[in-house]
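Chains, contacts and geometry: an overview
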Amino acid sequence: METNYFSEETLNQAVELLQKGELVAFPTETVYGLGADATNAEAVQKVYQAKGRPSDNPLIVHVTGQEDLTHYVESIPVEAKKLMDSFWPGPLTLIFKIIPGSLPSVVTGGLETAAFRMPANDLTLALIEQVGAPLVGPSANTSGKPSPTTAKHVMHDLAGKIAGILEGGATSVGLESTVLDMSGDVPMILRPGQLTEVDLEQVIGEVTIDRHLMTETEAPKSPGMKYKHYSPNVEVWMIDYLKADFKEAVSLAKKDHLNVGVLASEKIVSDLGSEITASYILTSNGTVSEAAKHLFAGLRALDEWEEPLDLVLVETFPEIGVGAAYMNRLKKASGGKIFKC
Ligand code: TXA
Ligand code: MG
């Protein structure tokens, strides 16, 4: 299958393909999603094949607004309404109990709930609107690899497996949406993202966090969080920001004649100078939001460096605010390996 790029001018072609049950990736503010008509079970099935995704991992249904939910959700809790008024369109996915049979079970993984999100991207909202049905949209990467933040990343992973990619430039957030389960007594964060616990609590009061996200010993509530994720082929180590410095780690690796790549703030990279084989700057202003935006692109760039690397060392940040989401992804990418001294 030939995989074509589409743009605003050729949006109608992307619309037709999706209506025919083909797959077209689309840009959002977080990462690129792999689109299929959420009401077409056969089309959704193809998403799992193209990604190599385990079939018990449910998908997010991308909608154009709160009105779309009425077809699938019996009653919207008042807190959820407040959150949607505040944060949609935006990087917040909400999980609701759905009207039985209102979505194919291949979308929900057979659960009684489904996840919904209105992405903040006008081209993609026009796409959903014109298709006339919501679109499922898992991150448009091969399962297990870092999520795609450019159309090129999608092409790299899925060329020949999907019909097209809607071009929308680099994404602005860089990490997937915050997933909040609204189906229980107290809203629970199942996946941290740019919108933090504090952001949500300012609007609706108490929010809890799935404790399995923290302990890492038990299976988390969100099916997707238990799989190996975000992993490049090259070995990734985190550098403990309190206990270690990059210089020590690099000199130890060099004793073993290893080719080292560094993914860190501009200051750290420039201090290391010619000691390292490769580098990718996470942030020039030192903020974790900026680092989060470039984490996946950096992991991909270093994984494909022309001179193959033995090791990639990555900067860590305190696990507060967006730092919690950044560290959640980095811990998975590194398999938890951390250099302390
Ligand atoms: O930012 C995003 O959310 C991106 C863009 C493309 O919108 N999409 C995305 O989708 O990250 P995906 O499929 O890679 O992640 C969806 C997450 C998974 O961890 C999945 O297990 C969880 O949401 N999920 C979906 N439906 C669920 C449900 N009913 N109950 C619990 N978790 C659910
Ligand atoms: Mg994903």
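The structure displayed is predicted, hence computed values, not measured ones.

Rules used in this analysis
Residues numbered from 1 in each chain as written. Chains lettered and ligands numbered in written order. Predicted model: local features only at pLDDT ≥ 70, side-chain atom pairs only at ≥ 80, totals over all residues. Heavy atoms only, no water. Salt bridge = Lys/Arg side-chain N within 4 Å of Asp/Glu carboxyl O. Helix = DSSP H or I, 4+ residues; strand = E, 2+ residues; numbered from the N terminus. UniProt positions renumbered as here; feature names shortened; annotations may be inferred. Buried < 20%, exposed > 50% of the residue type's maximum accessible area, 1.4 Å probe, protein only. Contact = heavy atoms within 4.5 Å. Polar contact = N/O pair within 3.5 Å; in protein donor to acceptor, adjacent residues only side chain to side chain. Pairing = 2+ DSSP bridges. Domains from an automatic or database assignment. Buried area = accessible area lost by both parts, 1.4 Å probe.

Overview of the pattern of salt bridges
Taken as a whole, this structure holds seven salt bridges when the rule is applied. With its nearest N and O atoms 3.8 Å apart, the salt bridge here joins K46 to E22. Separated by 24 residues along the polypeptide, K46 in helix α2 (residues 41-51) and E22 in the loop between α1 (11-19) and β2 (24-26) bring together distant segments of the chain.

With respect to the UniProt feature "domain: YrdC-like" (unreviewed entry) in the chain
Mapped onto this numbering, the UniProt entry annotates "domain: YrdC-like" (unreviewed entry) at residues 8-195. A helix fraction of 28% and a strand fraction of 19% characterise residues 8-195, whose end C-alpha atoms lie 29 Å from each other.

A short note on the UniProt feature "binding site: ATP" (unreviewed entry) in the chain
Sequence positions flagged by UniProt for "binding site: ATP" (unreviewed entry) are, in local numbering, R53, N57, T113, S139, S147, R191 and Y230. In sequence the annotated residues extend across 178 residues, and in space they extend as well, their farthest C-alpha pair lying 25.4 Å apart. Its location among the elements puts R53 in the loop between α2 and β4 (60-62). Under the relative-accessibility criterion, R53 is labelled buried at 15%. Discounting chain neighbours no more than four positions away, the residues touching R53 are Y48, P58, L59, P138 and S143. Residue placement: R191 occurs in strand β10 (residues 188-191). Within the local environment of R191, its side chain forms a polar contact with the backbone oxygen of S177, the two atoms lying 3.0 Å apart.

Points about the pairing of strand β14 (residues 278-281)
The pairing of strand β13 (residues 260-264) with β14 spans four bridges and is classified as parallel. By the bridge assignment, A264 is partnered in β14 with I281.

Structural notes on the environment of Q66
Along the polypeptide, Q66 turns up in the loop between β4 and α3 (78-87). In the structure, Q66 is positioned 57 residues away from E9 in sequence and 27 Å away in space, judged by C-alpha atoms. If we ignore the near neighbours within four places in the chain, the residues touching Q66 are K81, M84, D85 and W88. A distance of 2.8 Å separates the side chain of Q66 from the side chain of D85, its partner in a polar contact.

A look at the domain arrangement of the chain
As a measure of interface size, the accessible area lost when the parts come together is often cited. Taken domain by domain, the chain comprises domain 1 (4-226) and domain 2 (235-339). In this structure, domain 1 and domain 2 have C-alpha centres spaced 28 Å apart. Listed as interface residues are 25 residues of domain 1 and, on the opposing side, 17 residues of domain 2. Summing the contributions of domain 1 and of domain 2, the shared interface buries around 1,600 Å²; its carbon and sulfur component is 56%. The three residues of domain 1 that bury the most area against domain 2 are P146, L175 and P192, which together make up 33% of that side's buried surface. Linking domain 1 with domain 2 are five residue pairs in polar contact (both at pLDDT 80 or more), by the criterion used here.

Section: unusual backbone geometry
A cis amide bond links W88 with the next residue in sequence, P89, at an omega value of -10°. Of note in the backbone geometry, H257 takes a positive phi value of approximately 60° without being a glycine. On the secondary structure map, H257 appears in the loop between α9 (246-255) and β13. The exposure class assigned to H257 is exposed, which follows from its relative accessible area of 72%.

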